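# Summary of structural features
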Amino acid sequence: MWDDAFPSFLIGLREGLEGGLIVSILVATLVRAGARSRLPQVWTGVLAAVALALGFGAVLTFTAASLSATAQEAFGGALSVVAVAFVTAMVFWMRRSARSLSGEIKQKVTGALAMGAGMLILTSFLAVGREGLETALFLWTTARAAGESAGPLAGAGIGLVLAACLCWGLYRRVLKINLTKFFTATGAVLIVIAAGVLGYGLRDLQEGGVLPGSTAYAVDLSGGIDASSWYATLVQGVLNLTPTMTWVQVVAYVGYLAVVMTLFVRGVRASGAGAGSAPASSPKPAAAVAPAAPSADLPAAPADPAAATSDRGPVTGTRPAHSSESESESESEPSPQPGSEPGSGSGSAAPAAPVRRRRPAWVVPVAVVAVPAVVAGLVVALGRPKPAGAQTVAVSETECGNGFTAPRTGRQTFQMHNTGSKTSEVYLIDPASNAVYGEIEGLAPGTTRDLVATVAGGSYAWRCVPTGGKAVTSKAVRVSGGAGAKAVVPVSEQDLAGPLRQYRHYVDAGLATLVTQTARLNDDIQGGHLDAARADWLTAHRTYSSLGAAYGTFEDFDKKIDGRPDGLAGGVADKDFTGFHRIEYGLWHGQDAGLLKAPARLLAADAAGLRKAFPGQDFDPGDLPLRAHEILENTLQFELTGDADQGSGTELATTDANLTGTGELLTVLKPLLTSRAPHLLPTVERDTARLRALLDAAHHGDTWTPLDRLDAAGRARLDGATGQLLEDLAPVPDLLEIRKSA
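The notes below deal with the structure included here. Since we're looking at a predicted model, the values are computed, not measured. Residues take numbers from 1 onward in each chain, read along the sequence in its written order. Per-residue local features of the predicted model are confined to residues with pLDDT of at least 70, and side-chain atom pairs are confined, for both listing and counting, to 80 or more; whole-chain, interface and lining totals are unaffected and use all residues. Side-chain numbers here rest on the full set of heavy atoms in the structure, without hydrogens or water.

### With respect to the state of the cysteines
Short version of the rule: We call a pair of cysteine sulfur atoms a disulfide when they lie within 2.5 Å. Per the convention used, a helix needs a DSSP run of H or I reaching at least four residues, while a strand needs a run of E reaching at least two, with both numbered from the N terminus. Buried, partly exposed and exposed residues are distinguished by accessible area as a fraction of the type maximum, computed with a 1.4 Å probe on protein chains only: under 20%, between the cut-offs, and over 50%, respectively.
One pass over the full model with this rule turns up one disulfide. For Cys400, the disulfide goes to Cys464, at an S-S distance of 1.8 Å. The S-S bond linking Cys400 to Cys464 shows a torsion near 65 degrees; that makes this disulfide right-handed. One end of the pair, Cys400, is in strand β4 (residues 400-402); the other, Cys464, is in strand β9 (residues 458-466), with 64 residues separating them in the sequence. We classify Cys400 as buried; its relative accessible area is 8%. The exposure class of Cys464 is buried, given its relative accessible area of 0%.

If you want it as structure tokens, here you go:
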């Protein structure tokens, strides 16, 4: 239970902090401005957002429906950008209000708040609504994956409670700041928060396919910072800064922060200068107006004078003369006419004005909660009719496909219900070839999920694989009709055993070469021959870079041999910064041989240790199809952004070695790929040749053109060719995924 609770705890804390910080500051703003009557408007927006999130969660739970990944990202990103617009407007409204905080505040605050009320409501709604939708979807997905809901719900509840406590602490603290400083401080905080929300929203839009550049990383500290750590989660929750950020995110974050913060600071300084030049004897407009009676709707003056007074004037609990009648319940009753007695019936008195009945205060909050609940209920009740031709198919440890009959051709929905006591994998297969038409992973006991598949002419059967049990296959049924249904022939561990043996042999030979080359590099440095060391460093590093598919198998050796300084406390001077990149830094930053002797000896020893350990290391066969895509994905993130370079300028040489390693991997996987996707490898080979030609153009004998010396067009061509090759390779992990149905 608690292992399932931890991820939900982090998301509850993160999303709760992000929405709660803005709302707590807005609430404190109204209280300090003496406008508690506006608080229901803010809480109405919060209630509407919470009701929307709960309704969304209910729809997901009871209809077993989910948004597509791209639609969810695009929706969340768009909502984030809208939220930033409203937050920015609120920041400058606060700055303008801070300028006029003087004796007139009681006359003008009502009008200023009336102008900003809509933005207050929408800002709180958007801040909480976006986080609520994300949290509801995350919890639903986590509960489905875990097969139970107690752990995820408990974790999220604890995270949200902790976030609320932190926001309450912030709220109590800001209440003790005088008004002028309060508006300035909260404005700066809101700008920083909004910058993070903007970056986060743009990332969502990139992942949703609305904006380009989703793989163009400006910052990637994922190798040295654990994104799930408490401190990383706290930074992400408050500032929306993540270990990995794209160029679009970084440019938007820095640009927004620079422009908006500059304008804000200028406005604050101008306000301060104007206040300093104002004559001390300036008349107060409030003196010309008869004071109104104290209103019970406004807060009483705080006991602490410092907390109740700004540096421009005192804040009292007195209502301004121009207050609207809606600000006080007492104004709904007419006051008696002068000189008349109640019930006297004097003919000379003007007829009493009719009493206008106020709308009860509970109507709007109840409505904003009830409307999403009613809509969600209607969606659940009416939006989930059984699809035409749908079948309910029962599965368990002992039988599979109970209730299955020959379906009609076309796109069909099967409702899979697990009647057993174990979680099962469920596959719709062609019994002759074992090809998979559709699958459900992790169907928990007692649950029902929809499996959607396209049915054409052919034979169909169900195969169920319970956890820890043997596969059970249903009786086959025959469907008449033409061909057209696409199926994936499953891959078993045995199918990948041959390619794995071939690739292990390739890696073992590469490690033998690496041991020789690192020993030569060590000899160069021990002898003080640094020019020779630079050439031998590149040779050895290219050899290691061509073994990319085995990095996960190398365990701790990979960090020792090819680790980067990102995330290390001492950076390039940290004692744990070792291997190729430590030597690279020294060779290309003018360090003498004496400083590099120990790292060179250690690198040679680690290379020899890796070769000795490799035959006994566990190499997961499922890594082969995954690495076919991931090697170049990492290349695009690290080498082609320059992040991995420590001064040698050999990023393109490393890219070339990575391409070689990918080619070797595809060679051993070729028989499996050819039988499942015959047109894939010719496309990959064509685009590999295109990328290779671009790299060859940067290779001049023993030297390579540094990445930062390529012009913008050259880098764009290189990134484009790599990105296209990645698109070609994207189906490989799914085609060769190990499936229990095999």
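The rest of the description comes next.
### So, the side chain of Thr722
For clarity, the threshold we go by: Counted as a polar contact is a pair of N or O atoms within 3.5 Å, where, for protein atoms, one must be capable of donating a hydrogen and the other of accepting one, and residues adjacent in sequence contribute only when both atoms are in side chains. Residues are treated as being in contact if the distance between any of their heavy atoms lies within 4.5 Å.
Along the chain, Thr722 falls in helix α19 (residues 712-729). Note on Thr722: relative accessible area 1%, which makes it buried. Only 2.9 Å separates the side chain of Thr722 from the backbone oxygen of Leu718, close enough to count as a polar contact. Apart from the residues within four sequence positions on either side, Thr722 is in contact with Leu632, Leu636, Leu640 and Leu691.

### Considering the pattern of salt bridges
Applied cut-off: Within this document, salt bridges are pairs made up of a side-chain nitrogen of Lys or Arg and a carboxyl oxygen of Asp or Glu, the two lying within 4 Å of each other.
Enumeration over the complete set of coordinates arrives at seven salt bridges. Of the charged contacts, one joins Asp576 and Lys575 as a salt bridge, the two residues approaching to 3.4 Å between their closest N and O atoms. We classify Lys575 as exposed; its relative accessible area is 71%. The shortest N-O distance in the salt bridge between Asp656 and Arg692 comes to 2.6 Å. Linking Asp656 in helix α17 (residues 651-676) with Arg692 in helix α18 (residues 680-696), this pair joins segments that are 36 residues apart in sequence. Residue class for Asp656 comes out buried when judged on its relative accessible area of 7%. By relative accessible area, which is 24% here, Arg692 ends up partly exposed. By sharing partners, the salt bridges in this structure join Arg542, Asp656 and Arg692 into a single network.

### So, the packing of helix α11 (residues 493-526) against helix α15 (residues 593-613)
Two quantities define a packed helix pair, namely the angle between the helix axes and the distance between the axes. Selection rule: To define axes, lines are fitted to C-alpha atoms, for helices over the stretch in contact only, and angles between the resulting N-to-C directions are given on a 0 to 180 degree scale. Oblique is the label for any angle not covered by the other classes, which are roughly parallel (under 35 degrees), roughly antiparallel (over 145) and roughly perpendicular (65 to 115). The sense of a crossing depends on the near helix, which, turned anticlockwise from the far helix by less than a right angle, makes the crossing left-handed and, turned clockwise, makes it right-handed. Classification convention: Asp, Glu, Lys, Arg as charged; Ala, Val, Leu, Ile, Met, Phe, Trp, Tyr, Cys, Pro as nonpolar; all other residues, Gly among them, as polar.
Where α11 meets α15, the closest approach of the two axes is 9 Å, and the angle between their N-to-C directions is 160 degrees. Here α11 is positioned roughly antiparallel relative to α15, judged by the angle of their axes. Our pair here, α11 against α15, has a crossing hand that is left-handed. Seen from α11, the contacting residues are Asp508, Leu511, Ala512, Leu514, Val515, Thr518, Ala519, Leu521, Asn522, Ile525 and Gln526; seen from α15, they are Ala593, Leu596, Lys597, Ala600, Arg601, Leu603, Ala604, Ala607, Ala608, Leu610 and Arg611. Residues of the contact of α11 with α15, tallied by class, amount to 15 nonpolar, three polar and four charged.

### Remarks on the packing of helix α16 (residues 623-639) against α17
Orientation of α16 relative to α17, taken along the N-to-C sense of each, is 170 degrees, at an axis distance of 9 Å. Here α16 lies roughly antiparallel to α17, going by the angle between them. Of the residues in α17, those in contact with Leu624, Pro625, Arg627, Ala628, Ile631, Leu632, Thr635 and Glu639 of α16 are Glu651, Thr654, Thr655, Asn658, Leu659, Gly661, Thr662, Leu665, Leu666 and Leu669. Of the residues that constitute the contact of α16 with α17, the class distribution is nine nonpolar, six polar and three charged.

### Re the side chain of Gln517
Secondary-structure assignment places Gln517 in helix α11. Discounting residues that sit within four places of it in the chain, Gln517 has contacts with Thr539, Ala540 and Thr543.

### Observations concerning the sheet that holds β4
Heads up, the condition is: Between any two strands, at least two bridges found by DSSP are needed for them to pair.
Here we have four strands laid out as an open sheet, ordered β4-β3-β5-β8, and mixed in their pairing. At either end of the open sheet lies a strand with only one pairing partner, and these are β4 and β8 (448-455). On average, each strand axis in the sheet is tilted by 40 degrees relative to the strand beside it, whichever way the strands run. Alignment of strand β3 (residues 391-395) against strand β5 (residues 410-418), held across five bridges, turns out to be parallel. If you follow Val395 over to β5, its bridge partner there is Asn418.

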